[in-house]
Amino acid sequence: MNKAFKMKLSQLGMLCVMAASLALSACGGGGAPVTANPVVPVTAGSDYTGPAPSTADVQAFKINFWDNVRSTNRCGQCHNATSPAQMPNFARNDDVNLAYTQANTVVNLTDPGMSRIVAKVAGGHNCWLTDPSACGAILTTWITNWAGASAGGGTQIQLTAPVIKDVGNSKNFPADAQLFSTTVYPLLKQYCSKCHSPSASSPQSPYFASSTLGTTGLPDEAYAAARTKMNLDTPAQSRFVLRLRQESHNCWNSNCVAASQEMQDAITAFANQITPTSVDPAMVISKALTLYDGTVASGGSRFDSNAIAKYEFKTGKGSTAFDTSGVDPAADLTTSGDVTWVGGWGLKFAKGSKAQASTQASKKLHDMILATGEFSIEAWLAPANVTQEEAYMVTYSGGTMARNFTLGQTKYNYDAMLRSSATDANGMPALSTADAARRLQASLQHVVVTYDPVNGRRIYVNGEFTGDADAQKGGTIANWDNTFALVLGNEVSSDRSWAGVIKFVAIHNRVLTDVQIAQNFAAGVGERYFLLFNVEAATGVPKSYVVFEVSQYDSYAYLFNKPFFISLDPAAKPDGIVVKGIRIGVNGVVPNVGQAYIPLDTTITASNYFAGQGQQLSKIGTIIGVDKNVDLDTFFLSFDQLGTKTHFVTEPIPATPVPVDGVIVSDIGVRTFDRVNATLAAVTTVPANNANVNQTFQTVKQQLPTLPTLEGFLPSHQVGVAQLAIQYCNELVNDSAKRGVFFGSVNFSAGSKFSTPTGRNTVITPLANASLGTGLSSQDSAGLSAELNALMGKLGCGDGSTCTAAREQAVTTAVCGAAVGSAGVLVN
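A short tour of the structure in this document, coming up. Since this is a predicted model, take the numbers as computed values, not measurements.

1. Some thoughts on the state of the cysteines
Then step 1. For the structure on display, the rule yields four disulfides.
Then step 2. Residue Cys729 pairs covalently with Cys816 via a disulfide, S to S 2.0 Å. The sign of the S-S torsion, about -70 degrees, decides the handedness of the disulfide formed by Cys729 and Cys816: left-handed. Here Cys729 is found in helix H15 (residues 715–733), whereas its partner Cys816 is found in helix H19 (residues 805–820), with 87 residues between them in sequence.
Then step 3. Of the residues examined, Cys729 reaches a relative accessible area of 0% and is grouped as buried.
Then step 4. Disulfide pairing places Cys797 opposite Cys803 at an S-S distance of 2.2 Å. Of note, the bridge from Cys797 to Cys803 carries an S-S torsion of about -125 degrees and is left-handed in sense.
Then step 5. On the basis of relative accessibility, which here comes to 0%, the residue Cys797 falls in the buried class.
Then step 6. Its sulfur unpaired, Cys75 is 8.7 Å from the next cysteine sulfur, which belongs to Cys78.
Then step 7. A relative accessible area of 7% means that Cys75 is categorised as buried.
Then step 8. Not part of a disulfide, Cys195 finds its nearest cysteine sulfur in Cys192, a span of 8.4 Å.
Then step 9. Judged by its relative accessible area of 30%, Cys195 is partly exposed.

In structure tokens form, the structure reads like this:
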């Protein structure tokens, strides 16, 4: 198929950003500054007839917060001015100034997420959605918008000293599944394998009841999936037990109390045979922390003022991903197919799955984007691979042939399609990132697509403009269809499936500027915390900490990132503190993998340390595996040297690997699709930008080799090469000027010149020389010439033949295609 799947989005020039930098308090070297962003006002309620707002701050309160909460299905039903009024009556409808006074008692404009009203509603009080956390997120957005419109704005992240906890003894899961196989696994296999096994008729992950055995004959797959569901320290709090006891899930013998007790006893028997791990007292260590002991690092530094739909995926369960933009109507997404929630906030899409909003709610995208004539798509996503094609990540469309906009993937390319006056109803011609750039990778990336009617489309990856120009420029989008639906991970018709993880999506009805895109990239994504590891005992500096930014990378690992040293005592002046060899410990054990900070060797000095910001120790991050689960894992730091205290670790000498016979791989390979095209152009002298050649290349490009390995070369690849080679040769032979230079004095207007070997060699020799080169010992020019000579005979232009001029031209084209499409050209 023609995969002319190219596109690009440009932006309407730089908008003025009225932003004031707010330094990350007590977080130097570890976080980006927080910026106050301008807020675009929303239309105020038209039913209000009371006194006008008395100040600009009251006006900001009105349009960003009060107009949203005063409806009767939210807070207006109770917190109003009607007797008996429920205090605080911040949703009263008679006087916005009095409502403003009351609202200030329940909000925190410095840190909106810590507002009393957010905590109350997120805890389950009168949430108007099925998920209280989603209501809390929406309230946070409204308060943030109010704060951003007021003098000061933005959210300032304040580091908070955690409760001091020593690193204690801990029970840790054994390395193998032997003990698990005789205690907990028999129950799981007997009662849970009908669902939680890959061999089930309708398999449901996680596969903790899998009957698949590892090389040692143990249920390794089931053990890996079950570990996060068991609490070794308190078996009664294990997820397996609670699922039966509190949620009555699949209780065997119709007795949930007995089933949960049987499961608890099995986990207790498992845990009782595990010896607690104790920490070597000679180690130089920090105090201990869990992930949730940290200071929340998410939010506050993003630019979201013009977001009209936003998905943060915080719910973590169920079939609804809530739109937390705070802009009504909420375009909540309903998942279908194999969609699973991932740790650290996100959705994982497998083949055939999707998350789709209703057409009625999606209509707000049409209405609010057409009101401005510009928009931006922003997403944090991790493609599962770089081989999928025609795979849609974010689309607002009505099927495979009709759309308003789409962000998709074709192998290493990000693609964007857009319906406008410069494109067709399917958003074609599409634009994408350049093939050679390979911008799309199977890793977590920040992607932004912007559009405005002057510059058209632009694509940004990880905060940077890709440089790909939109040939269609702008155009207008007045021809958009308001009956389409917003979909993630697929097309509405479910036949453009994409595989991967999406951790954030926002649709803005304005173009994000380069500064705003860089700001949102720097803000990061997902559930993140600053973990403050207390090291006061080793450094002698009061309230001193080594701080990591930590997040759940996925359901199986944590990301530790950019450590820095700081003291929360403003009078402290640390100097001359040596920091060498940091290791991250989990549950009393220092894992052997993921220890990226062992080479660290630096010193905290007065000249590099800044009060309130600290001193950065490293700019890199590392991955540490989940051991028990996110609620139970306890972290600590071990140092080779911290201050004057040392504990040098002798790294074990790795065992010499035993040589094994592997698959023999060829020393030679094949040219990939772009190299094939460039080589054929060089061999035939026909430029690659020739219209007919380029059209053929776009048609067969996805059929040409994508990997250089000889072992991966398929018959379908050769068919594509042959098509492209014939097109190049056709252009060469039919161009009198080019063929005159290439074949010399051959007269193509007279027939019967191929009736003798000498006549045929006038064509064969130039083709063999161009295809194989000359003077090379490894190329069989004579063999190729013999094959081409035989081919000409089979095509009727052999010894003594009387071929016409037209026939000889056709035979020359065929022979040329065979030569330039041969292994002599393809093998690299």
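We are not done yet, so read on.
2. Some remarks on the pattern of salt bridges
Opposite charge on two side chains permits pairing when their charged atoms draw close.
Then step 1. All chains considered together, the criterion is met by 24 salt bridges.
Then step 2. For Asp323, the salt bridge is made with Lys364, and the minimal N-O distance between the two is 2.7 Å. Of this pair, Asp323 sits in the loop between strand E7 (320–321) and strand E8 (333–336) while Lys364 sits in helix H10 (residues 359–372), and the two are 41 residues apart along the sequence. Both residues of the pair, Asp323 and Lys364, belong to the buried class.
Then step 3. Among the charged side chains, a network of salt bridges with common partners joins Arg302, Asp304, Lys310 and Glu378.

3. Some points on the pairing of strand E25 (residues 577–586)
Then step 1. Counting buried positions along E25 gives nine out of 10 residues, so the element sits mostly inside the fold.
Then step 2. Relative to strand E26 (residues 601–604), E25 is paired through four bridges, and the arrangement is antiparallel. Opposite Ile577, over in E26, you have Ile604 as the bridge partner.
Then step 3. Pairing of E25 with strand E29 (residues 634–642) involves seven bridges; the strand directions are antiparallel. Across the sheet, Ile582 pairs through a bridge with Phe639, a residue of E29.

4. Description of empty space enclosed by the protein
Then step 1. What the rule picks out here adds up to two cavities of 30 Å³ or more.
Then step 2. Counted as a void, the largest cavity has a volume near 70 Å³.
Then step 3. Along its surface, the largest cavity is lined by Asp131, Ser133, Ala134, Ala137, Glu312, Phe313, Lys314, Thr315, Ala321, Phe322 and Thr324.
Then step 4. Take the lining of the largest cavity: its biggest share by element is three residues, from helix H4 (residues 132–149).

5. Some thoughts on the packing of aromatic side chains
The way to describe two aromatic rings as a pair is by their centre distance and the angle between their planes.
Then step 1. Applying the stated criterion to the full structure yields 36 aromatic pairs.
Then step 2. Among the aromatic residues, ring-to-ring pairing joins Phe375, Tyr396, Phe405, Tyr451, Trp480 and Phe484 into one connected group.
Then step 3. Above the ring of Trp66, the side-chain terminus of Arg70 is found at 4.3 Å from the ring centroid.

6. So, the side chain of Lys628
Then step 1. Its place among the elements puts Lys628 in the loop between strand E28 (621–625) and E29.
Then step 2. Given the relative accessible area of 1%, Lys628 is considered buried.
Then step 3. Of note is the side chain of Lys628, whose polar atom sits 2.7 Å from the backbone oxygen of Lys171.
Then step 4. Excluding its chain neighbours within four sequence positions, the residues that come into contact with Lys628 are Ser170, Lys171, Asn172, Phe173, Arg227, Thr228, Asp233, Asn587 and Asp633.

7. Let's talk about the pairing of strand E15 (residues 413–418)
Then step 1. Of all six residues that make up E15, six are buried, and the element is covered over most of its length.
Then step 2. Here E15 shows a buried face lined by Asn413, Asp415 and Met417 and a second buried face lined by Tyr414, Ala416 and Leu418.
Then step 3. Both strand E14 (residues 402–410) and E15 contribute to a ladder of six bridges, which runs antiparallel. Across the sheet, the residue bridging to Thr410 is Asn413, located in E15.
Then step 4. Where E14 folds back on E15, the antiparallel hairpin that results is connected by two residues, among which Lys411 adopts a positive phi of roughly 55 degrees.
Then step 5. Judged from the two bridges that link them, E15 and strand E16 (residues 431–432) form a sheet pairing that is antiparallel. Across the sheet, the residue bridging to Asp415 is Ser432, located in E16.

8. Focus: the sheet that holds E16
Then step 1. The strand order across the open sheet formed by eight strands is E7-E8-E11-E20-E13-E14-E15-E16, and the pairing between neighbours is antiparallel. Edge positions in the sheet fall to E7 and E16, since each has one partner strand and no second.

9. Considering the nonpolar core
Then step 1. Judged by nonpolar contacts, the single largest core of 45 residues is most densely connected at Ile369, Val394, Phe405, Leu488 and Ile507.
Then step 2. Filtering out sequence-adjacent residues up to four positions away, Leu488 remains in contact with Phe313, Leu333, Phe349, Lys354, Ala355, Met393, Val394, Ile502 and Val505.

Conventions and cut-offs
Residues numbered from 1 in each chain as written. Predicted model: local features only at pLDDT ≥ 70, side-chain atom pairs only at ≥ 80, totals over all residues. Heavy atoms only, no water. Disulfide = S-S within 2.5 Å. Helix = DSSP H or I, 4+ residues; strand = E, 2+ residues; numbered from the N terminus. Buried < 20%, exposed > 50% of the residue type's maximum accessible area, 1.4 Å probe, protein only. Salt bridge = Lys/Arg side-chain N within 4 Å of Asp/Glu carboxyl O. Pairing = 2+ DSSP bridges. 1 Å grid on protein atoms, 1.4 Å probe; cavity = no way out; pocket = protein on both sides within 12 Å on 5 of 7 lines; lining within 4 Å. Points joined across faces, edges and corners; volume = space filled by probe spheres on them. Phe/Tyr/Trp six-rings, centres within 6.5 Å; stacked < 30°, edge-to-face > 60°. Lys NZ or Arg CZ within 6 Å of the ring centre and 35° of its normal. Polar contact = N/O pair within 3.5 Å; in protein donor to acceptor, adjacent residues only side chain to side chain. Contact = heavy atoms within 4.5 Å. Core = buried A, V, L, I, M, F, W, Y, C linked by side-chain atoms within 4.5 Å.

Purely geometric stuff here, so don't read any function into it on its own.
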